[in-house]
Structures are given as structure tokens and as C-alpha cells.
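Understanding the architecture of this molecule
Given next are the chains, with one letter for each unit.
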Amino acid sequence: MNILVVGGGGREHAIAHYLSKSPLTKNLIVAPGNPGIKKFAECYPISVDDIEGQCKLAKDNNIDLVFIGPEIPLVLGLKDKLSEIGIKAFGPSAKAAQLEGSKTFSRNFCKRNNIPQPDFIYCNDIKTAKDQIELLNGYCVVKADGLAAGKGVVVCDTVEEAIYASTQMLENNKFGDAGKSILIEERITGIEASIFAVSDGDTAIILGTAQDHKRAYDNDQGPNTGGMGAISPAPALNDSLNQEIFNKIIIPTINGMKSDGIVYEGILYAGIMLTKDGPKVIEFNCRFGDPETQVVLPRLETDLVEIVKNTVDKKLNGMKIDLFDNTAITVVLASQGYPGDFKKGSELPLLNKYDQETNISIFHSGTSENNEKKLISNGGRVLSVTAIGQNVKECRDKAYKTIEDINWEKGFYRKDIGKL
Ligand code: AMP
Ligand code: GLY
């Protein structure tokens, strides 16, 4: 098969890496890709939101299947546009991607389908927001409705904080249109975990679980980030909880979509909080997580192309997906200052010597090459170092030894990823 991967971060590096290992893959191209991916697949400088450009690239290269990595092209309808020109794509349609693209859509959908979640109210004026915030005594979560690059959620302790966050979104245009309407949610408590299912619209299968570490610094201190590291399987989950989440959350979502006339095809990523009343949905994403992909994919024993192909051919029914009995940990090496202001363009140490390692992978997130073809940092999250092993200790030892060995002095990382 000729495959195009859309995206250029650590998630897409991991996806492209595992797709390239499959005997079913003939030609693999990536857009825009990154210097890490360029070592094994042709990369084209087309951005993920250039829907026409991505369609043309797929057509010009006789692509049989497009794997769409990030949420933006999904929400913009890349899958729908590809389908119009007869090209199959792995990932949900624009309508189905609203589960991630609009928090209001997602919460209303869960409510109609009795999927467990926190209470919420919708507001598009500050008066309604203030009334609700006061009712909850400020102990609530304020969320911008639309996509805000992971920054549109403010977890509040006080009335002042919550009113400030709501005013920023509703009146001060903080997230543009994405914050023109907001949700005020009941603040729930419990351990968080992520579950990744694949669905062809009829059948869903769990591919893996992970725990993300979203705060910037050790012991969950500091601001929220896109994710500073992850472990798979999620230490808080087990087979019986997975089954409960599958029955109460995953299946009702796929079926609810179906009864609304929407085929949910691709990855359904449920962010779950394990509350004393059982698992509840914190959020849905319509794609793999970053950096969770970097720990979920190494544990898949079943060929990734086979899974993707069976999904787009609607043949998941009866398919068995096997996982290795191992653990994976990824630690993100970020630019100093991230998620606030940080500098780009710092030279990175040579990484080629890790290419031969079997249980260590270095996935590129924000890297590029300068005029002299030297590898430089080009984003907040720069590399993610994944280690595979028999247990958490082995993975942590390997990942941290590698990160210390890389020794990039302009970077920082959390030292407690996967620490139990
Ligand atoms: P999200 O971007 O929706 O994943 O939210 C970011 C983080 O905010 C989550 O990982 C949770 O830690 C927290 N969060 C979101 N919604 C709630 C809620 N209703 N109650 C408590 N914490 C929440
Ligand atoms: N790591 C969180 C996400 O991908 O949304």
C-alpha cells in the first residue's frame, strides 16, 4: 500500500515509524514530516491545515490510504475531501470529529447517550457564567468550546479565578472564536487515564491505555502542557476497568454516533477520570495522543497497517488485536521556558548513535535543520525518548540514561515520568 501520513510531530514520527515496519507498506510519505521522519520516508512541506495541498499530494503520489495524525485537519474535513476524490483515510469525518472540536457538542452528545461525565452548563454571556460559578462556589472548570491547542481549560478553586477565566474567553477574545461560547463544568476528582480505541463505525476494539503527565514540572507542578511524558499501560487501569470503560463509554459513543447517522471511523481517545462514582469522561479526542502514541504503538503486536486497513475497509468485526506483555515510557525533552516563551534554533546533539538501539526510540517533535544541515530545536516539545522494557523500573532507567546521555543543555524534562 502507498501511505501518506499527515502531521509532523512526535506522534506522527511514531506512527510513520511503525507503518514503515509493516510488510504491507510499499511507499510511505509524510507531510510536513520532520528531520527524524526524513531518515526513512520522503517528507513534503505541506502544512496540516492545507486541505487542498494534502489532497493533491495524495492524488499525485497514488496514495491508497492517508493516516491523519492531528485534530486540525480532521475537524477541517480532510477525510471528507479525500473521500470525494476516492482516497481512503484513517480518521473521523468532520462531523464525527466534533467530539473533539466542540466541547459543547461532546457534552450534549454524552448527555443524550447517558455516557458518564461531569455536570456542565453552556454559556455565551458572562451573566449566565457568573451565576453558575457562584452556584458552584468557584470550584469548577471553565472550558472554551472550540479547539485552543490544549490551553482552553482552566481548573478553578475560587469564584474570582473562574470569573476571570470566563471573562477572558467570552469578553476579551482570549481564544478568538473558540472561546465565544464556554462550558462551566462541575469539578470532579480522581486519577486520570487515557484509553485508545479503534472503530470502523460498527465495531470498536481497545488498542491500549496510557497515562499522560500534563504539567510542566515534577510532582504535577507548574502549568499545563501538551504532555511531558507518558506511560503505557496506564498504571491506574486494569482489565476490569478497561471493560467497564469500553461498555459504558466507548460502545455507547460509537453507537450514539451511528444513531445520529454519523460513522465514527478512526481512533477514539477517551480521557477518563476514575471517580468514586466510576469512570467519567473528561474529554474525547478524535485522534491518537501526543506523547501517548509514542508509548501505545510500541506495545502493539498486531501490524499497525493491518489495523488501519481493516478499519477503513470496515472489517474490524472479529479482528483480534494483540499487545506485547511489556511496558513503555516516553520522556519529553522540551525547550527551557515551555509552555511559556522559549527560544528556537538551538543546536541539538547528534542523535544518530541511537538509531541502532532496539528498545530505545527517539521521536522528533519540534526539530528542524538549519542551513548547514545541523539539527536544531524548533518547538516547545523537541524530542520524546521512548524506552520499552519488562517493567516500569527498566523503562525509566533506560529512558533517563538516554536523556542524560543526550545532554542537551537548552532543554528540560520531568524526572518522575512513570514513577509509581
Ligand atoms: P482537557 O483539555 O479537557 O483534557 O482538560 C485538561 C485537564 O483539565 C484534564 O486533564 C483534567 O486534569 C482537568 N479537567 C478537565 N475537566 C475537568 C473536570 N470537569 N473536573 C476536573 N478536572 C477537569
Ligand atoms: N497528550 C494529550 C493530547 O494529545 O491531547
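About the thresholds
Residues numbered from 1 in each chain as written. Chains lettered and ligands numbered in written order. Predicted model: local features only at pLDDT ≥ 70, side-chain atom pairs only at ≥ 80, totals over all residues. Heavy atoms only, no water. Pairing = 2+ DSSP bridges. Helix = DSSP H or I, 4+ residues; strand = E, 2+ residues; numbered from the N terminus. Contact = heavy atoms within 4.5 Å. Axes fitted to C-alpha atoms, helices over the stretch in contact; angles between N-to-C directions. Parallel < 35°, antiparallel > 145°, perpendicular 65-115°, else oblique. Left-handed = near helix turned anticlockwise from the far one by under 90°. Nonpolar A, V, L, I, M, F, W, Y, C, P; charged D, E, K, R; others polar.

1. Focus on the sheet that holds strand β1 (residues 2-7)
Sheet strands pair via backbone hydrogen bonds, and the direction of the pair is either parallel or antiparallel. Ordered by their spatial adjacency, five strands build an open sheet running β3-β2-β1-β4-β5, and the pairing between neighbours is parallel. Two strands close off the open sheet at either side, each with one partner strand: β3 (42-43) and β5 (88-90). Here strand β2 (residues 27-32) runs beside β3; their pairing, made up of two bridges, is parallel. Bridge pairing in β3 places Ile29 opposite Glu42. Across the sheet, helix α1 (residues 10-20) is in contact with β1, β2 and β4 (65-68); its angle to β1 comes to roughly 170°. Contacting β1, β2 and β4, helix α2 (residues 51-60) runs over the sheet at an angle of about 165° to β1.

2. A look at the packing of helix α7 (residues 126-135) against helix α8 (residues 159-170)
One way to put it is that α7 packs onto α8 with a least axis distance of 10 Å and a crossing angle of 160°. When the axis of α7 is compared with that of α8, the two are roughly antiparallel. As α7 packs across α8, the resulting crossing turns out to be right-handed. Residues Ile126, Ala129, Lys130, Ile133 and Glu134 of α7 pack against Val159, Ala162, Ile163, Ser166, Thr167 and Leu170 of α8. Of the residues in the contact of α7 with α8, the class split is seven nonpolar, two polar and two charged.

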